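Here are the chains, one letter per residue:
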Amino acid sequence: MLRGIDLVLPARALVRVEGANGTGKSTLLRLLARIDAPSEGRITGRPRTAYVPERFPAALPFTAAGYLVHLGRVHGLRASDAAARADHWLTRFGAAAHAGTPLAELSKGTSQKVAVAQALLAEPELLVLDEAWTGLDTEARGELDLAVAERVAAGATVVYVDHDPRRLAGAVDAAYRVEGLGLTAAPLAPAEPRVRIEATAPPGTPLPSGLPRSLAQILTDDGTACLTVPVEHSDALLGALLSARPPWHIGRVEPVRGPGEILPPHRPPTPDRDPAA
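The rules we used
- Residues numbered from 1 in each chain as written.
- Predicted model: local features only at pLDDT ≥ 70, side-chain atom pairs only at ≥ 80, totals over all residues.
- Heavy atoms only, no water.
- Pairing = 2+ DSSP bridges.
- Helix = DSSP H or I, 4+ residues; strand = E, 2+ residues; numbered from the N terminus.
- Axes fitted to C-alpha atoms, helices over the stretch in contact; angles between N-to-C directions.
- Contact = heavy atoms within 4.5 Å.
- Parallel < 35°, antiparallel > 145°, perpendicular 65-115°, else oblique.
- Left-handed = near helix turned anticlockwise from the far one by under 90°.
- Nonpolar A, V, L, I, M, F, W, Y, C, P; charged D, E, K, R; others polar.
- pLDDT = per-residue confidence, 0-100.

### Digging into the sheet that holds strand β3 (residues 126-130)
Then step 1. Strand order in this open sheet of 6 strands is β2-β3-β4-β1-β5-β6, and the pairing throughout is mixed. Strands with a single pairing partner mark the edges of an open sheet, and in this sheet they are β2 (49-52) and β6 (182-185). On average, adjacent strands in this sheet sit at an angle of 20° to one another, irrespective of strand direction.
Then step 2. Two strands pair when backbone bridges link them, and β3 and strand β4 (residues 157-161) are joined in this way by 5 bridges, in the parallel orientation. In the sheet register, leucine 126 faces β4, and the bridge partner there is threonine 157.
Then step 3. Against the sheet, helix α1 (residues 25-32) engages β1 (14-18), β2, β3, β4, β5 (174-179) and β6, with an angle of about 155° to β3.

In structure tokens form, the structure reads like this:
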């Protein structure tokens, strides 16, 4: 049970919720995702929302890919787009070989990969993750870390609970602790130093292979890429971009604190028109 909660989620932010077992963390996340409704008070705002529960209901009459396509259609995607995104996320989480496997026959870890994929394929504006890393293998956990950074970079808000206090700790923009019946602000861990690199190439040029797995990215239609990596991976990223064929032109390199500061590519302001012209 929770009482007296007054919470405003910031835009383009990573928000951590912590607290002891049974204090109401999952209840809060279900309210934020509008899975449950409050008995008193109200929740305002209608962002496009996706939710990963602590326990995925695997006993559903779908294959892994069929379930993702179905959820994509529910979110308003065309069948072909939903299928493409399903394949993308299953591949990214190392579960493509199980695309045709019924959900009920998947292992716990693979089921969790499907649960995470269904939330990400809709490109939500609010992503709510309740122990979403539990059951994932090491590589998939890293992919989810990266996917979270990419969602925030794209302008979304991500709210998460995880039993590991180190999970994304240096990238958190706001943290709250559930205790008693209420919610209090929690201290932030030291920020993880990151570098933002803006690069350009002819439109349609793919990013080179072998980039750091810690990369968060935004690609635009005009061939501009906004890329962020931890400081220790920046030299490898710059080297890969400059040695690519065709090579990428490096426009800006600047420090950022975390996902909340990963901005879209810089655009210089349009000069005011001269009234005399």
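On we go from here.
### Things to note about the packing of helix α2 (residues 64-74) against helix α3 (residues 79-92)
Then step 1. α3 packs onto α2 with a crossing angle of 130° between their chain directions and a minimal axis gap of 8 Å. Between α2 and α3, the angle is such that the two are oblique. Read as a crossing pair, α2 and α3 show a hand that is right-handed. In this structure, α2 contributes Ala65, Leu68, Val69, Gly72 and Arg73 to the contact, and α3 contributes Ala79, Ala82, Ala83, Ala86 and Leu90.
Then step 2. For the contact of α2 with α3, the class distribution of residues is 8 nonpolar, 1 polar and 1 charged.

### Observations regarding the confidence of the model for the protein chain
Then step 1. On average, the protein chain scores 85 in pLDDT, and the residues at 70 or more come to 91%.
Then step 2. Summarising per-element confidence for the protein chain, the mean pLDDT is lowest in strand β8 (residues 216-219) (76) and highest in β3 (96).
Then step 3. Contacts of residues 258-277 to residues separated by more than four positions or lying in other chains number 36 contacts, the stretch itself having pLDDT below 50.

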